[in-house]
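An overview of the molecular structure
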Amino acid sequence: MIDPVLFSHRIPITRINAFSDAVIALAYVSISLMLTYLVKRRRDLPFPMLFLFLMGALFACGTVRVIDVWAFWHPSLLGPLSVVARGTAAGLSSLAAVLMFLVIPKAIGMRSPSELDLELQKLGGIVASSNEAIIRGDLNGKIEKWNAAAERLYGYPEHEVIGKSMSILDPPHHDLQLTAILNALKHNPRTVHYETRHVNRSRDLIDVAFSVSPVYENAQLVGAAMIARDNRERLRLLDTERRYTKRLELIHRLDRMILEREPTNTCAKLILEFMDSLGAFSRMTVVSPWFESGKYIELIDYTNGKFTENTERSWLPFADTPFAATFQQGSMHIVDLSCFGDIPELSPHKIAGSRFVCHSKMIVRGEVIGSLNLAAATADVFTEEILDHIRELSVQLAVLIQQESLWKKIDQHAVELEEKVEERTRELKEVNSALEAFSYSVSHDLRAPLRTMQGFTEALLEDYSAQLDATGQDYARRIAEGAGRLDRLIQDLLRYNRIGQSKIDSCAVDLGKIVDEILEELAADLDRQGAKVNIDDPLPVVLGHPGTLSQVFSNLIGNAVKFVRPGQKSLVRVKTEPSAKGTVRIWVEDNGIGIEPKHKDRVFQIFERLDAAYSGTGIGLAIVRKGVERMGGQVGLISQLGEGSRFWVEMPKPAEVQL
Amino acid sequence: MKSLVLLAEDDDNDVLLIKRAFQKSRVANAIEVVSDGEGAVNYLSGEGIYGDRARYPFPVAMLLDLKLPRKSGLEVLAWVRQQPEIRRLPIIVLTSSRESSDIRHAYDLGVNSYLVKPFTPLELTEMLHSFNLYWMVLNESADISYK
């Protein structure tokens, strides 16, 4: 850079020089004035101090030139002034140079206007091409910016809305006024999200989701940016989701109802109510069972919010329609009722104003058990989603109907079973009462003639023995004995029968007492035979029936005494042995003739007699076994021929009483 | 007048054996026999020929078989116990049945004693001897106002 001041000293002053100095001075001053103007107008100008110093330096230099020109004519006058002006110019220029030196690195780092412009274009492009409506308003809600997406969303072109209030987007009587939102923003500047409805240019309501954020300039809140988006698709998805959730809840509820055995119609009504909440169906029906004969039962008809149950109807005549071929196959069809012409079977549909019917079959193991039918005036009601619901709920209905029919079958089986049991019980009772009548008759009528035979034979022997010789008396005795044996047989048989028939209520019975009573009854027999009976003291308390126990032990002890070799004195022992848990085993042992082991089961059979030498009916041990078994016990035998017999009876013990 | 026992028994043989036993046991009582339930009722109520109490005196006790034609022994028993005038008549069942249902029923209807016909004539004689001793000699009967 050439310093104009130094330059003027070296070059001889001429007029030309003076003129050029004047021009330079003018330029310096005007530059400095323009800089001053620039700094004053562009308050955001970077490095204003540098500009001020530059302005000062240029102004001082200009002043020096003016003095130089002045000195051309009056050189003597201006000596001191020139020195001051030059000094000032030198100082200010040096300061400007130093400042310049300091500022340059910063200035180099600054973005150029073109760069800034590009940046702005980029940002503007984002806003312009955004799919979301971006609107900027001032704090009073006046619209300042409006992008293309906003125009698409609301219908207003930019030039129509700039400067207007944002409240043009609010629907009338709206509780979420945009101006109110902006007011709130002033007090609490933060980004807030909303979902609501706005009105567009054609005054239609549109679902929108939007956020409002504060906009600052130089840390000063100046307005708000609103970003809005069409919310309809999202709401639609949410609605769909809600419907599917509702369907799931319905299915769960139906499952519980199935478990509770709620009637099918109650459940089917819930399904139809759900379907009704989905769309504009003019008529809905659930059909089951399915008759091939041309008739069917409509379990439920839901028309205009009214349920009708169990109506018999006739099939639509499909044969002459375009559906004839496909109707037998597949599980779901949409039928256009106008194909049927004017027929009486259509009347329920006509009343409801239906034209299209979606007919969904319920199929269980390949068998059609019913159908779900939904009718509507137009075909577009049957969206993919609706069809999916119909399909799914048809399955649920099939489960319901199948379940009910299974329950019905079970109930019917139960009833049949009960009837069978009743019939068997009745038969058994008849047999029982016949048996009772029989044994009653036996005990009365069969014994009477026997008693007559016996009675008169003995009367004969008593009253007319003088007239009968020994053979005659022997014959008469044989008649009496025969009659007596037959009577004992009959009595034993009646006892055996009674033990099998009568009700046996078990209770705790002291066996010791029972056996004592038996010994008292047998006392005469025992004395006559010289028999000896040893009884364990004490005998246990068992769970049984006193009368039956008495018969059992009376027979066992009686047998033990009876079956001894002639002349032998019988020795009988009754003892107790601890046994399995809850039972007790009682032994009746003798020193009698014994029984071969191979006969140990036969002896308990009725009419089984092993030795004709001993009198008896062959019923005693059969009574023992039957009696013991009826009391829940067991009986058995250990014996060898000639070595005595050991009979055992195992009886339940009464439950321990806690004292 | 000898005290009389009324025997309701349809079996001729039994009647014969009982009469024989009465004789054997030297019972002084007279015996009148009716062969069915209705006969017993008629006798006790003095119907028809039984109206002649000189010929058919009112009995001191009745031996009653259960299996009787026309009216069973239990029906006769029930009927007697419903007649205010004669309901205190001692009635002793003498039957061949040992069925506990018969025994229970008879006692429920108010029988005074229940005897089962013994099998041998000797036992029968002993039984009727005891019967006589007990009911005719030892037992104190209540007044009966019969027709």
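Residues numbered from 1 in each chain as written. Chains lettered and ligands numbered in written order. Predicted model: local features only at pLDDT ≥ 70, side-chain atom pairs only at ≥ 80, totals over all residues. Heavy atoms only, no water.

Let's talk about empty space enclosed by the protein
Counted by the stated rule, this structure contains one cavity of 30 Å³ or more. Put simply, the largest cavity is a space of about 80 Å³. Lining the largest cavity we find Arg451 and Gly455 of chain A together with Asp14, Leu17, Ile18, Leu94, Lys117, Pro118, Phe119, Thr120, Pro121 and Leu124 of chain B. Contributing elements (two or more residues each) for the lining of the largest cavity: helix H13 (384-464) of chain A together with helix H1 (12-24) and helix H5 (121-138) of chain B. The element best represented in the lining of the largest cavity is H1 of chain B, accounting for three residues. (1 Å grid on protein atoms, 1.4 Å probe; cavity = no way out; pocket = protein on both sides within 12 Å on 5 of 7 lines; lining within 4 Å. Points joined across faces, edges and corners; volume = space filled by probe spheres on them. Helix = DSSP H or I, 4+ residues; strand = E, 2+ residues; numbered from the N terminus.)

Concerning the side chain of His359 of chain A
Assignment of secondary structure puts His359 of chain A in strand S10 (residues 356-364). A distance of 2.6 Å separates polar atoms of two side chains, one belonging to His359 of chain A and the other to Asn373 of chain A. (Polar contact = N/O pair within 3.5 Å; in protein donor to acceptor, adjacent residues only side chain to side chain.)

So, a negative patch on the surface
Residues and elements named next belong to chain A. Together, Asp510, Asp516, Glu517, Glu520, Glu521 and Asp537 give the surface a local cluster of negative charge. It is helix H15 (residues 511-529) that contributes the most residues to the negative patch, four residues altogether. Mapped onto the fold, Glu517 is located in helix H15. Overall, the relative accessible area of 46% leaves Glu517 in the partly exposed class. (Patch = residues over 30% accessible without salt bridge, like charges linked within 9 Å, V, L, I, M, F, W, Y side chains within 5 Å. Areas by Shrake-Rupley, 256 points an atom, 1.4 Å probe, with all protein chains shown as cover. Salt bridge = Lys/Arg side-chain N within 4 Å of Asp/Glu carboxyl O. Lys, Arg positive; Asp, Glu negative; His and termini not counted. Charge placed at Lys NZ, Arg CZ, Asp CG, Glu CD. Buried < 20%, exposed > 50% of the residue type's maximum accessible area, 1.4 Å probe, protein only.)

Comments concerning the environment of Glu345 of chain A
Residues and elements named next belong to chain A. If you trace the backbone, Glu345 turns up in the loop between strand S9 (332-336) and helix H12 (347-352). By relative accessible area, which is 29% here, Glu345 ends up partly exposed. For Glu345 and Arg313, which are 32 residues apart along the polypeptide, the C-alpha to C-alpha distance reads 7.9 Å. Apart from residues no more than four positions distant in its own chain, Glu345 is found in contact with Ser314, Trp315, Leu316 and Pro317. (Contact = heavy atoms within 4.5 Å.)

A look at the layout of surface pockets
Taken as a whole, the second largest pocket encloses approximately 590 Å³ of empty space. Around the second largest pocket sit 25 residues that line it, and Leu494, Arg498 and Ser502 of chain A together with Glu99 and Ser100 of chain B are the ones nearest its centre. For the lining of the second largest pocket, the elements supplying multiple residues, two or more each, are H13, helix H14 (470-501) and helix H16 (546-562) of chain A together with helix H4 (100-108) of chain B. It is H14 of chain A that provides the largest number of residues to the lining of the second largest pocket, a total of seven residues. Of the residues in the lining of the second largest pocket, the class split is five nonpolar, 12 polar and eight charged. (Nonpolar A, V, L, I, M, F, W, Y, C, P; charged D, E, K, R; others polar.)

Quick notes on the interface of chain B and chain A
Of the residues lining the interface, 20 residues belong to chain B; the matching set on chain A comes to 22 residues. Buried surface at the junction of chain B and chain A, summed over both partners, amounts to about 1900 Å²; 51% is from carbon and sulfur atoms. Here chain B and chain A share five salt bridges between them. Linking Asp463 of chain A and Lys24 of chain B is a salt bridge whose minimum nitrogen-to-oxygen distance equals 2.9 Å. If you look at where chain B meets chain A, you find four residue pairs in polar contact (both at pLDDT 80 or more). Put simply, the parts of the chain that give the side of chain B that touches chain A at least two residues each are H1 and H5 of chain B. Element by element, the count of residues in the side of chain B that touches chain A is highest for H1 of chain B, at six residues. Tallied by class, the residues present in the side of chain B that touches chain A amount to six nonpolar, five polar and nine charged. (Buried area = accessible area lost by both parts, 1.4 Å probe.)

Topic: unusual backbone geometry
Glycine aside, the phi torsion of most residues is negative, and most peptide linkages are trans. Residue and element names in this part refer to chain A. That bond from Asp537 to Pro538 is cis: its omega, 0 degrees, falls within 30 degrees of zero. Here Pro538 is to be found in the loop between strand S13 (532-535) and strand S14 (541-544). Of note in this structure, Ala219 is not a glycine but carries a positive phi near 60 degrees. Residue placement: Ala219 occurs in the loop between strand S4 (205-217) and strand S5 (220-230). By relative accessible area, which is 75% here, Ala219 ends up exposed. In the Ramachandran plot, Arg261 falls in the positive-phi region, its phi being about 60 degrees despite a non-glycine side chain. Mapping Arg261 onto the fold places it in the loop between helix H9 (232-259) and helix H10 (264-276). For Arg261, a relative accessible area of 40% puts it in the partly exposed group.

Description of a nonpolar patch on the surface
Together, Leu133, Tyr134, Val137 and Leu138 of chain B line one region of the surface with nonpolar side chains, adding up to about 420 Å² of accessible area. Inspection of the secondary structure assignment puts Tyr134 of chain B in helix H5.

A few points about the packing of H16 of chain A against helix H17 (residues 620-630) of chain A
All names here are of chain A. Viewed as axis vectors pointing N to C, H16 and H17 meet at an angle of 145 degrees, and their least axial separation amounts to 9 Å. At the point where H16 passes H17, the crossing takes the left-handed sense. Contacts between H16 and H17 involve Thr548, Gln551, Val552, Asn555, Leu556 and Asn559 from the first element and Gly620, Leu621, Ile623, Val624, Gly627 and Val628 from the second. (Axes fitted to C-alpha atoms, helices over the stretch in contact; angles between N-to-C directions. Left-handed = near helix turned anticlockwise from the far one by under 90°.)

With respect to the packing of aromatic side chains
Residues and elements named next belong to chain A. Applying the stated criterion across every chain yields a total of 11 aromatic pairs over all chains. Taking the centre distance of 5.1 Å and the plane angle of 25 degrees together, the rings of Tyr194 and Phe210 count as stacked. Residue Tyr194 is located in strand S3 (residues 192-199), and its partner Phe210 is located in strand S4; the two are separated by 16 residues in the primary sequence. The burial state of Tyr194 is the same as that of Phe210; both residues are buried. Aromatic ring contacts, followed pair by pair, group Trp146, Tyr154 and Tyr156 into a single cluster. Across from the ring centre of Phe307, 5.2 Å away, lies the NZ or CZ of Lys269, which sits over that ring. Positioned above the aromatic ring of Trp587 is the side chain of Arg646, whose terminal nitrogen or guanidinium carbon lies 4.4 Å from the ring centre. (Phe/Tyr/Trp six-rings, centres within 6.5 Å; stacked < 30°, edge-to-face > 60°. Lys NZ or Arg CZ within 6 Å of the ring centre and 35° of its normal.)

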